[in-house]
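Fold and geometry: a report
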Amino acid sequence: MSYMKQISLYCEDGDLQGLTEYLESKNVFKGNSLAIAANFIIAHQRMRDKSEEESYRVLNEIHDKYQKGYRGEE
(Lines give C-alpha, C1' and ligand atoms only; values in the text may rest on other atoms or scores of the structure.)
Protein backbone atom coordinates (compact mmCIF):
# COMPACT_ATOMS: atom_id res chain seq x y z
CA MET A 1 0.00 0.00 0.00
CA SER A 2 1.42 3.38 -0.92
CA TYR A 3 1.88 6.11 1.66
CA MET A 4 -1.04 8.19 0.38
CA LYS A 5 -3.42 5.23 0.53
CA GLN A 6 -2.62 4.68 4.19
CA ILE A 7 -2.71 8.42 4.92
CA SER A 8 -6.14 8.57 3.31
CA LEU A 9 -7.47 5.83 5.56
CA TYR A 10 -6.16 7.54 8.70
CA CYS A 11 -7.72 10.82 7.57
CA GLU A 12 -11.09 9.21 6.91
CA ASP A 13 -11.02 7.75 10.42
CA GLY A 14 -9.87 11.07 11.91
CA ASP A 15 -7.05 9.16 13.59
CA LEU A 16 -4.55 11.92 14.38
CA GLN A 17 -2.41 9.78 16.68
CA GLY A 18 -2.29 6.88 14.22
CA LEU A 19 -1.45 9.16 11.31
CA THR A 20 1.26 10.94 13.30
CA GLU A 21 2.82 7.63 14.31
CA TYR A 22 2.58 6.35 10.74
CA LEU A 23 4.31 9.44 9.33
CA GLU A 24 7.05 9.18 11.96
CA SER A 25 7.57 5.45 11.37
CA LYS A 26 7.88 5.86 7.61
CA ASN A 27 9.86 9.09 7.84
CA VAL A 28 7.69 10.19 4.92
CA PHE A 29 7.75 13.91 5.64
CA LYS A 30 10.48 15.86 7.31
CA GLY A 31 9.46 18.21 10.06
CA ASN A 32 6.70 18.28 12.63
CA SER A 33 4.74 15.06 12.01
CA LEU A 34 1.92 16.13 14.33
CA ALA A 35 1.31 19.38 12.42
CA ILE A 36 1.56 17.61 9.07
CA ALA A 37 -0.90 14.91 10.20
CA ALA A 38 -3.32 17.53 11.54
CA ASN A 39 -3.22 19.43 8.24
CA PHE A 40 -3.89 16.24 6.26
CA ILE A 41 -6.94 15.56 8.42
CA ILE A 42 -8.17 19.16 8.14
CA ALA A 43 -7.82 19.10 4.34
CA HIS A 44 -9.64 15.76 4.18
CA GLN A 45 -12.50 17.10 6.29
CA ARG A 46 -12.78 20.21 4.12
CA MET A 47 -13.05 17.96 1.07
CA ARG A 48 -15.85 16.04 2.78
CA ASP A 49 -17.60 19.22 3.95
CA LYS A 50 -17.72 20.66 0.42
CA SER A 51 -19.35 17.57 -1.08
CA GLU A 52 -22.32 19.65 -2.32
CA GLU A 53 -20.07 21.46 -4.82
CA GLU A 54 -19.82 19.55 -8.10
CA SER A 55 -16.05 19.16 -8.22
CA TYR A 56 -15.90 18.04 -4.58
CA ARG A 57 -18.86 15.70 -5.08
CA VAL A 58 -16.95 13.91 -7.83
CA LEU A 59 -13.76 13.91 -5.76
CA ASN A 60 -15.64 12.42 -2.80
CA GLU A 61 -17.17 9.72 -5.01
CA ILE A 62 -13.74 8.77 -6.32
CA HIS A 63 -12.32 8.83 -2.82
CA ASP A 64 -15.13 6.61 -1.48
CA LYS A 65 -14.49 3.99 -4.19
CA TYR A 66 -10.77 4.20 -3.54
CA GLN A 67 -11.13 3.65 0.20
CA LYS A 68 -13.76 0.95 -0.14
CA GLY A 69 -11.33 -1.12 -2.17
CA TYR A 70 -8.59 -0.83 0.43
CA ARG A 71 -10.88 -1.62 3.34
CA GLY A 72 -12.04 -4.79 1.59
CA GLU A 73 -15.65 -3.61 1.35
CA GLU A 74 -17.90 -4.36 -1.59
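Criteria and thresholds
Residues numbered from 1 in each chain as written. Predicted model: local features only at pLDDT ≥ 70, side-chain atom pairs only at ≥ 80, totals over all residues. Heavy atoms only, no water. Helix = DSSP H or I, 4+ residues; strand = E, 2+ residues; numbered from the N terminus. Expected span 1.5 Å × (residues − 1). Buried < 20%, exposed > 50% of the residue type's maximum accessible area, 1.4 Å probe, protein only. Arc of directions from axis to C-beta. Polar contact = N/O pair within 3.5 Å; in protein donor to acceptor, adjacent residues only side chain to side chain. Contact = heavy atoms within 4.5 Å. Salt bridge = Lys/Arg side-chain N within 4 Å of Asp/Glu carboxyl O.

A short note on helix H3 (residues 33-49)
Helix length check: H3 (17 residues) gives 24 Å between terminal C-alpha atoms against 24 Å at 1.5 Å per residue, within 8%. Considered for burial, the residues of H3 that qualify are Ser-33, Ala-37, Ile-41, His-44, Met-47 and Arg-48. For H3, the angular spread of the buried residues around the axis is 120°, confining them to a single face. H3 presents Asn-39, Arg-46 and Asp-49 as exposed residues on the side facing more than 90 degrees away from its buried surface. A distance of 3.1 Å separates the backbone nitrogen of Leu-34 from a side-chain oxygen at the start of H3, and that oxygen is part of Asn-32.

Describing the side chain of His-44
If you trace the backbone, His-44 turns up in helix H3. Residue His-44 is classed as buried on the basis of its relative accessible area, which comes to 8%. Polar side-chain contacts of His-44 include one of 2.6 Å to the side chain of Glu-12. In this structure, His-44 is in contact with Ser-8, Cys-11, Glu-12, His-63 and Gln-67, ignoring residues within four places of it in sequence.

Let's talk about the pattern of salt bridges
Counted according to the given criterion, the structure contains 4 salt bridges. One salt bridge in this structure joins Arg-57 and Glu-54, with 2.6 Å as the shortest N-O distance. One end of the pair is Arg-57 and the other is Glu-54, both in helix H4 (residues 54-71) and 3 residues apart, which spans about a single turn. With relative accessibility at 32%, the residue Arg-57 sits in the partly exposed group.

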